[in-house]
Each structure stands twice: as structure tokens, then as C-alpha cells.
Amino acid sequence: ATALNVFFEEGASTVLGPYYLEAVAGRGMVINFLCPKKITANTALTVTTSAAIAQIVDVTGFTAQG
């Protein structure tokens, strides 16, 4: 198990994070926002972590008007 920080980035800018995940084997992390986070249209949302270990990241969301 390896502790790590998770950052969500849009281009070269960090838009969310860091979120810290403690070093416990098999532990997951869920982040729910009460207020939706707006990401720029046609711009990649990337996830960067501070540890070189196997990871799975699912990002779900929706497209809204405006």
C-alpha cells in the first residue's frame, strides 16, 4: 500500500485537489460535490497522482446548458 495525492487538472492548471489517500491496501476514495464543478468545454480533464502504483480512476459527470 502506498499513500498518494490526487490532482484533477485542466491543461496546465490544477482545478481540484490535492486529495490525500492514506496507505491502506484496497482502500478506495469517492469524491462527491454538492455544487457541480465546471470544466471548460473541449478541454481534457486529466488526473495526476503522486505515486507510481496501479490505479483505476472513474470520473462521471454530465453536460449542462450554459
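Sequence positions are assigned chain by chain, starting from 1 and proceeding in written order. Totals for whole chains, interfaces and linings use all residues, but because this is a predicted model, local features are given only for residues with pLDDT of at least 70 and pairs of side-chain atoms are given and counted only at 80 or more. Side-chain numbers here rest on the full set of heavy atoms in the structure, without hydrogens or water.

1. Structural notes on the overall build of the protein
The helix and strand inventory of the protein stands at 0 helices and 3 strands. Helix and strand definitions here come from DSSP, where helices need a minimum of 4 consecutive H or I residues and strands a minimum of 2 consecutive E residues; each element is numbered from the N-terminal end. Going from N to C terminus, the protein has its helices and strands arranged as β-β-β. A separation of at least 24 residues holds for 48% of the contacts in the protein among residues at least 6 apart in sequence. Of the roughly 5300 Å² that the protein leaves accessible, carbon and sulfur atoms contribute 54%. In what follows, a contact means two residues having at least one pair of non-hydrogen atoms within 4.5 Å. All accessibility values rest on the Shrake-Rupley procedure with a 1.4 Å probe; residue burial counts only the protein chains present in the view.

2. A short note on the side chain of glutamate 9
Assignment of secondary structure puts glutamate 9 in strand S1 (residues 4-10). Once residues within four sequence positions are removed from consideration, glutamate 9 is found in contact with Thr14, Val15, Ala44, Leu45, Thr46 and Thr48.

3. Section: a nonpolar patch on the surface
Side chains of Val15, Leu45, Val47, Val57 and Val59 sit close together on the surface and give an oily, nonpolar patch of about 340 Å² of accessible area. Mapped onto the fold, valine 57 is located in the segment after strand S3 (45-49). For valine 57, a relative accessible area of 42% gives the class partly exposed. In this analysis, a patch consists of residues with relative accessible area above 30% that form no salt bridge, clustered at 9 Å for like charges and at 5 Å for the nonpolar side chains Val, Leu, Ile, Met, Phe, Trp and Tyr. We define a salt bridge as a side-chain nitrogen of Lys or Arg found within 4 Å of a carboxyl oxygen belonging to Asp or Glu. Only protein chains enter the accessibility calculation, which uses a 1.4 Å probe; a residue whose area is less than 20% of its type maximum is buried, one above 50% is exposed, and one in between is partly exposed.

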